[in-house]
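Understanding the architecture of this molecule
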Amino acid sequence: MSTLLDLYNQQGNPNSQLFNNGLNLASTITFLSVFFQIFILLLSLFSISTLFLYFIRNQHKKSGIMKAVGFNNRTLYKLYIYQTLIIFLLSSICSIPFVFLFQKLIIHFSYRSGFLDFLFFIKLVAMALIIYVMFFAILLTISLTTVKKANHLTVNELLTSFSTSKSNKYNDSISKYFNSFYRKQLAKQVLMYPRQFILIILIVSFSVLTFIFANYFQKENLYGWDNIKSKYYLNSQQLFGFEIVQNLKVLHRQGLIYSINDVEQLEKHPGVLYIEKIPFMEDVETLIDLQAITPSLTQWIYHTDSHYKKYEGKVIIPNVRYVIFDKHDMNDLITRKKYRETKEKVIIFNPIHSNSEEEKSLIGKNISLIKMYNSSSGRKVKEKDLEVLDVMNEPYTYKINQTTKMKNEDYLTIAMDKETAIESGLFKGYSELYIFTKKDLSQEKSTNLDKQVKNITSTVPGSLMEDITSVIRDNANLFNLFKVFGALLFFVSILLTTISMTIILFSKYQLQKRNWGIYLSLGMSKKNISTFFFCEMLIYIVISMIFSWFIFSVAIFILHPHYSYFFYAKYFFLAYFIIFCPMLIGGVLLKSIIKKQSIASILRREE
């Protein structure tokens, strides 16, 4: 696009809908994919490291036994490398079917169809290999740390259980804050692994927020699309360049247009409800005498420019859009009253609201429409004086039918009848068309209309024709993809977090196994032990809920969504209900393991 603008020294208006549309969509999808990949990788790293740390938790004793029977450090290193490699290879092989399964599911729930070319497959394999190597390096580092620690310990120290020594330093500091045994024990349980405790809170919170805001972006970006009735969008201009001469735009070349006759024929099609027509008047400026400027016009001028721009003593009104209407259009133009005579007259719609009587002083006065253009005999100027019929201090609004209205708040709109516009020589045809079709079009009428629209665009080189329904579908697919990514990330994170949490709780139980055995021998029931672990899970959920609810509430307050606060609150509670279910299953599984163990087996030391 910048190359095309360079042809006109960066002075021109490109039709952005013709450029980079697909590339922007692709870049958005790439960004989303990378974002969710990074998030899942970090989450997986936490979960895998937790699983692996539990796996090697008692490896010191095994290292001591192997050293006692003659293993040296080099042999231990080799053994752990082979062990890590076997676990890694088996898990990698098992993951391959899931990769293709999730690819199919993501495509099915978003774009419905897709393909995987060979080049992309090679890139995918290369990226997967990099990730696998990274994970293998991390797992190997965790595994070999055990051997490194064993190098500095004697066989007797390795065979002696010291795994609880690290957690004992928290017990004394915690005990002084609680008098109740149950509260003291629960606090020790929760804070035994403080880093894991904080990580689980953060992961659960951000998983819920990801789920909520994935739905938020999908809902907000698709909001109102159900009410869009336009079927086609046509634009005759790929790009037009201009230069500024005496504050007026002078086109380098005559603009391409859709002819008035072609558009009139299209309006007569039985399937067309309404066509919003934007005349090609990009090089036409509106002039007004300085004495005739009202307060709202002054406000509009300074809203667009920092100062008055003039041509031959008259002020140029900036950012103006022209509307051409005929007798039929006039009936649906929303104004204060109906006008009998509109020839050689204009109606001004200023989006700046004002109830001042001074605004009406412009009625009956003249404004000028002026155009400077290049001809074979040199530069010429065409000017037309028109009387102001009425001034509306509100956006231009047109009623398509009883339920649909078109409103333009971005421009000061000047409406004039078609006959006046043609006779002035300033209007030759249309640059943009929004075609609204009637409901329940038959296949025959729809096909015929499609053919007629394509015939119009085929006569204008470089023009754009967009089927709005396909644009909506493409954008809907993009935001559906975002929602699918969010849901996938949420469920994967909750699954991994639940597994990690269950393993951490079981690890805590194993570390304090003899303590629990003593409590059981003194009269505590196994139900009480299970209650401690259920309460710990509940603490994770409650703290993460408070934290994520605060972020959610602040974000909704700042973003001002179309849907209500309570509309998105249901996704919040749904997310935590989904989280609670697998955590409950993990708690029940832990309870069943504890229930099967006798007091004697709990108190027994492992040889």
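Cut-offs used in this document
- Residues numbered from 1 in each chain as written.
- Predicted model: local features only at pLDDT ≥ 70, side-chain atom pairs only at ≥ 80, totals over all residues.
- Heavy atoms only, no water.
- Helix = DSSP H or I, 4+ residues; strand = E, 2+ residues; numbered from the N terminus.
- Buried < 20%, exposed > 50% of the residue type's maximum accessible area, 1.4 Å probe, protein only.
- Contact = heavy atoms within 4.5 Å.
- Pairing = 2+ DSSP bridges.
- Salt bridge = Lys/Arg side-chain N within 4 Å of Asp/Glu carboxyl O.
- Polar contact = N/O pair within 3.5 Å; in protein donor to acceptor, adjacent residues only side chain to side chain.
- Axes fitted to C-alpha atoms, helices over the stretch in contact; angles between N-to-C directions.
- Parallel < 35°, antiparallel > 145°, perpendicular 65-115°, else oblique.
- Left-handed = near helix turned anticlockwise from the far one by under 90°.
- Arc of directions from axis to C-beta.
- Phe/Tyr/Trp six-rings, centres within 6.5 Å; stacked < 30°, edge-to-face > 60°.
- Patch = residues over 30% accessible without salt bridge, like charges linked within 9 Å, V, L, I, M, F, W, Y side chains within 5 Å.
- Areas by Shrake-Rupley, 256 points an atom, 1.4 Å probe, with all protein chains shown as cover.
- pLDDT = per-residue confidence, 0-100.

Helix and strand counts for the protein chain stand at 19 helices and 18 strands. Relative to its 607 residues, the protein chain shows a buried fraction of 43%. The long-range share in the protein chain, meaning contacts at least 24 apart out of those at least 6 apart in sequence, stands at 81%.

What follows deals with the pairing of strand β9 (residues 314-317). One ladder, built from 3 bridges, connects strand β7 (residues 284-288) with β9; its direction is antiparallel. Directly across from Leu287, in β9, lies its bridge partner Ile316. Summarising the sheet, strand β8 (residues 310-311) and β9 pair through 2 bridges and their orientation is antiparallel. Each bridged residue has a counterpart across the sheet, and for Lys310 the counterpart in β9 is Val315. Counting the residues in the hairpin turn of β8 and β9 gives 2 residues, including Glu312, whose phi is positive at 50 degrees.

Right, let's get into the pattern of salt bridges. If charged atoms from side chains of opposite charge come close, those side chains can pair. Tallied over the full model, the rule gives 9 salt bridges. A salt bridge links Asp283 to Lys371, with the shortest nitrogen-to-oxygen separation between them at 3.9 Å. On the criterion of sequence distance, the pair formed by Asp283 in the loop between β6 (272-279) and β7 and Lys371 in strand β12 (residues 366-375) is long-range, its members being 88 residues apart. The buried category is assigned to Asp283, whose relative accessible area is 4%. Here Lys371 falls in the buried class, since its relative accessible area comes to 8%.

Moving on, we come to the side chain of Thr502. Assignment of secondary structure puts Thr502 in helix α15 (residues 468-511). From its side chain, Thr502 meets the backbone oxygen of Thr498 in a polar contact 2.7 Å long.

Further remarks concern the sheet that holds strand β10 (residues 320-325). In spatial order, the strands read β8-β9-β7-β12-β13-β11-β16-β10; together these 8 strands make up an open sheet with mixed pairing. Edge positions in the sheet fall to β8 and β10, since each of these pairs with one other strand and no more. Strand contacts of helix α11 (residues 295-304): β7, β9 and β16 (412-417), with the helix running at about 65 degrees to β9, the strand carrying the most contacts.

Next up on the list: the packing of helix α8 (residues 181-190) against helix α17 (residues 526-559). At a minimum axis separation of 10 Å, α8 and α17 run at an interaxial angle of 60 degrees. Here α8 is positioned oblique relative to α17, judged by the angle of their axes. Crossing geometry of α8 relative to α17 is assigned as right-handed. Mapping the contact onto sequence places Tyr182, Gln185, Leu186, Gln189 and Val190 in α8 and Phe532, Phe533, Cys535, Glu536 and Ile539 in α17.

On to helix α10 (residues 260-267). Looking only at α10, the buried set comprises Ile260, Val263 and Leu266. For α10, the buried positions fall inside an angular range of 125 degrees around the axis, keeping them on one side. Summarising the contacts, the buried residues of α10 are in contact with β5 (258-259), β6, α13 (418-424), β17 (429-437) and α14 (443-458).

Before going further, it helps to examine the environment of Ile363. Secondary-structure assignment places Ile363 in the loop between β11 (345-349) and β12. Ile363 gets classed as partly exposed once you look at its relative accessible area, which sits at 33%. The spacing of Ile363 and Asp390 is 27 residues in sequence and 5.5 Å in space, taken between C-alpha atoms.

Here we come to the packing of aromatic side chains. Describing an aromatic ring pair means giving the distance of the ring centres and the angle of the ring planes. Tallying each qualifying case throughout the model produces 34 aromatic pairs. Ring geometry for Trp516 and Tyr519: centres 5.8 Å apart, planes at 80 degrees, overall edge-to-face. Placement of the pair is Trp516 and Tyr519 together in helix α16 (residues 513-521), with a separation of 3 residues, close to one helical turn. Judged by relative accessible area, which is 0%, Trp516 ranks as buried. Tyr519 sits in the partly exposed class, given a relative accessible area of 21%.

Residue placement: Val346 occurs in strand β11. According to the relative accessible area criterion, Val346 is buried, its value standing at 1%. It is 9.3 Å that separates the C-alpha atoms of Val346 and Asn366, two residues lying 20 residues apart in sequence. Look past the residues within four positions of Val346 in its chain and what remains in contact with it is Ile367, Leu386, Glu387, Val388, Leu389, Asp390, Ile414, Ala415 and Met416.

What follows is about α11. Those residues of α11 lying buried are Ser296, Leu297, Trp300 and Ile301. Mapping the buried residues of α11 onto a view down its axis gives an arc of 140 degrees, with all of them on the same face. Close packing links the buried residues of α11 with β7, β9 and β16.

Further remarks concern a nonpolar patch on the surface. There is a patch of nonpolar side chains on the surface, built from Leu538, Val542, Ile546, Phe580, Leu584 and Val588 and spanning about 520 Å² of accessible area. Listing elements by their share of the nonpolar patch, those giving two or more residues are α17 and α18 (565-596). Relative to the assigned elements, Phe580 resides in helix α18. On the basis of relative accessibility, which here comes to 38%, the residue Phe580 falls in the partly exposed class.

This part is about the confidence of the model for the protein chain. Of all residues in the protein chain, 79% have pLDDT values of 70 or greater, and the mean over the chain is 78. Per-element confidence in the protein chain ranges from a low mean pLDDT of 46 for strand β1 (residues 12-14) to a high of 93 for β7. Contacts of residues 3-24 to residues separated by more than four positions or lying in other chains number 44 contacts, the stretch itself having pLDDT below 50. This model gives residues 162-167 a pLDDT under 50, and the stretch forms 7 contacts once residues within four places in sequence are excluded.

Time to look at unusual backbone geometry. In the Ramachandran plot, Glu312 falls in the positive-phi region, its phi being about 50 degrees despite a non-glycine side chain. Residue placement: Glu312 occurs in the loop between β8 and β9. Owing to a relative accessible area of 65%, Glu312 belongs among the exposed residues under this scheme. With a phi angle near 65 degrees, Glu344 is a residue other than glycine that sits in the positive phi range. Of note, Glu344 is situated in the loop between α12 (327-332) and β11. For Glu344, a relative accessible area of 28% gives the class partly exposed.

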